[in-house]
Amino acid sequence: MPLVTLEGVGKSFGDNRVLADVDLSVEAGEVVIIIGPSGSGKSTLCRCVNRLETIDEGRILFEGRPLPTESRELARMRSRVGMVFQSFNLFAHKTVLENVTLGPVKVLGHNRLQARARAQELLERVGIADKADRLPRQLSGGQQQRAAIARALAMDPVLMLFDEPTSALDPEMISEVLDVMRSLATSGMTMIVVTHEMGFARSAADRVAFMADGRILEIAPPESFFAAPRTERARDFLARVLQH
């Protein structure tokens, strides 16, 4: 059974139809990377998976069950789905360590000492253990995004969603975040990643989904997608982005 299934998903904002008849399934341990032009619905699709946005048509299944609507069940489901955004969304007045321990203590009810020990392990894993006592404003953008990844991992999610996690970063900081994500992918974490980083999509994806005009036009392993995209729209997109 796939970990996540989207069936005929549609979504509109007023008269603007941002998702149209989207079908997608993601197996446990799989890395699916969603690419496509700006405004194609990629970020909305990502946000619908953990119900930050509600859908108008179709259904989304997580672990074989429809996304819950009742607040307690929804909170339980979201605790199993980590999400990393373009903006880091760290609590500005709390240290990096406090940011990472807050969810496990408050939401999962973990012992504070155990949560701190686990947080230190995760900060080590993302390469910023020496920044544990710093406030977010004392970190570079890349370090803040790595702290955000550690915070999401602290909830022990079964799925990680990344919504253009490097788009707000300076070029020299992008690789440090992508390296952490690449190591997560090789560790077997199930991931849905919206990104403009074609090199990362090529190297880390099990499958690449190409979106345009609210639809997934094709989905394929990266080697076949980048070598021979099937649709004219995907060929045009790759011709533009791979020239730069």
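Residues numbered from 1 in each chain as written. Predicted model: local features only at pLDDT ≥ 70, side-chain atom pairs only at ≥ 80, totals over all residues. Heavy atoms only, no water.

**Student:** What's the story with the sheet that holds strand β10 (residues 215-220) in this structure? I'm lost.
**Tutor:** Hydrogen bonds along the backbone pair up the strands of a sheet, which may run parallel or antiparallel. Spatial ordering of the open sheet is given by β6-β7-β8-β3-β9-β10, a layout of six strands whose pairing is mixed. The sheet is open, and its two edges are formed by β6 (81-84) and β10, each paired on a single side. Geometrically, the sheet is characterised by an average inter-axis angle of 15° between neighbouring strands, direction not taken into account. Examined bridge by bridge, strand β3 (residues 31-35) and strand β9 (residues 207-212) share four bridges and lie parallel to one another. Bridge pairing links I35 to F210 in β9. The sheet contacts of helix α5 (residues 141-153) involve β6 and β7 (159-163), and relative to β6 the element is tilted by about 170°. Most of the contacts of helix α9 (residues 232-241) go to β9, to which it runs at about 100°, and overall it touches β3, β9 and β10. (Pairing = 2+ DSSP bridges. Helix = DSSP H or I, 4+ residues; strand = E, 2+ residues; numbered from the N terminus. Axes fitted to C-alpha atoms, helices over the stretch in contact; angles between N-to-C directions. Contact = heavy atoms within 4.5 Å.)

**Student:** I'm lost on the nonpolar core in this one. Help?
**Tutor:** The tendency in soluble globular proteins is for nonpolar side chains to be buried side by side. In terms of nonpolar packing, the biggest core is built from 51 residues, with I149, M160 and M191 touching the most fellow members. The dominant element in this core, judged by the number of residues it contributes, is helix α6 (residues 171-186), at eight residues. If near-sequence neighbours (up to four positions away) are discounted, M191 is found in contact with E30, V31, V32, L159, M160, F162, M181, L184 and A185. Among the nonpolar cores identified, the runner-up in size contains 28 residues, and V4, L19, A209 and M211 belong to it. (Core = buried A, V, L, I, M, F, W, Y, C linked by side-chain atoms within 4.5 Å. Buried < 20%, exposed > 50% of the residue type's maximum accessible area, 1.4 Å probe, protein only.)

**Student:** Explanation requested: the side chain of N99 in the structure shown.
**Tutor:** Checked against the element boundaries, N99 lands in helix α3 (residues 96-106). Among the polar contacts listed, one links the side chain of N99 to the backbone oxygen of K94, at a separation of 3.1 Å. In contact with N99, other than residues within four places in its own chain, are L90, F91, K94, P136 and R151. (Polar contact = N/O pair within 3.5 Å; in protein donor to acceptor, adjacent residues only side chain to side chain.)

**Student:** Can you help me understand the packing of α3 against α5 in this one?
**Tutor:** When two helices pack together, their arrangement is given by the angle between their axes and by how far apart the axes lie. At a minimum axis distance of 8 Å, the contact between α3 and α5 shows a crossing angle of 25°. In terms of their interaxial angle, α3 and α5 are classed as roughly parallel. When the axes of α3 and α5 are compared, the crossing they make is right-handed. On α5, the residues touching V96, N99 and V100 of α3 are A147, A150 and R151. (Parallel < 35°, antiparallel > 145°, perpendicular 65-115°, else oblique. Left-handed = near helix turned anticlockwise from the far one by under 90°.)

**Student:** Could you clarify how one ought to interpret the packing of aromatic side chains in this entry?
**Tutor:** The geometry of an aromatic ring pair is captured by two quantities: the separation of the ring centres and the angle between the planes. What the rule picks out here adds up to three aromatic pairs. Relative to F237, the ring of F210 has its centre 5.4 Å away and its plane inclined at 50°; by these criteria the two rings are tilted. Linking F210 in strand β9 with F237 in helix α9, this pair joins segments that are 27 residues apart in sequence. Note on F210: relative accessible area 0%, which makes it buried. Ring pairing ties together the aromatic residues F210, F225, F226 and F237, which thus form one cluster. The residue whose ring lies beneath R202 is F226, and the NZ or CZ to ring-centre distance is 4.6 Å. (Phe/Tyr/Trp six-rings, centres within 6.5 Å; stacked < 30°, edge-to-face > 60°. Lys NZ or Arg CZ within 6 Å of the ring centre and 35° of its normal.)

**Student:** Is there a simple way to explain α6 in this structure?
**Tutor:** Side chains three or four residues apart in an α-helix point the same way, a direct result of the helix having 3.6 residues per turn. Counted at 1.5 Å a residue, the expected span for α6 with its 16 residues is 22 Å, and the 23 Å between its end C-alpha atoms agrees. Along α6, the positions that sit buried rather than exposed are M173, I174, V177, L178, V180, M181, L184 and A185. The buried residues of α6 occupy an angular sector of 155° when projected down its axis, which confines them to one face. Of the exposed residues in α6, those oriented more than 90 degrees away from the buried face are E172 and T186. Note on α6: the residue one or two positions beyond its end, G188, has a positive phi of about 100°. (Expected span 1.5 Å × (residues − 1). Arc of directions from axis to C-beta.)

**Student:** When you look at the UniProt feature "domain: ABC transporter" (unreviewed entry) in the chain in this model, what are you seeing that I'm missing?
**Tutor:** When the UniProt feature table is mapped onto this chain numbering, "domain: ABC transporter" (unreviewed entry) sits at residues 4-238. Strand forms 26% of residues 4-238 and helix 38%; the C-alpha atoms that close the span are 27 Å apart. (UniProt positions renumbered as here; feature names shortened; annotations may be inferred.)

**Student:** How should I be thinking about the sheet that holds strand β2 (residues 16-26) in this particular structure?
**Tutor:** Strand order in the open sheet formed by four strands is β2-β1-β4-β5, and the pairing between neighbours is antiparallel. Looking at strand neighbours, the two that pair on one side only are β2 and β5 (65-66), the edges of this open sheet. Direction of pairing for strand β1 (residues 4-13) relative to strand β4 (residues 57-62): antiparallel, over a ladder of five bridges. Its bridge partner being in β4, G10 is matched across the sheet by E57.

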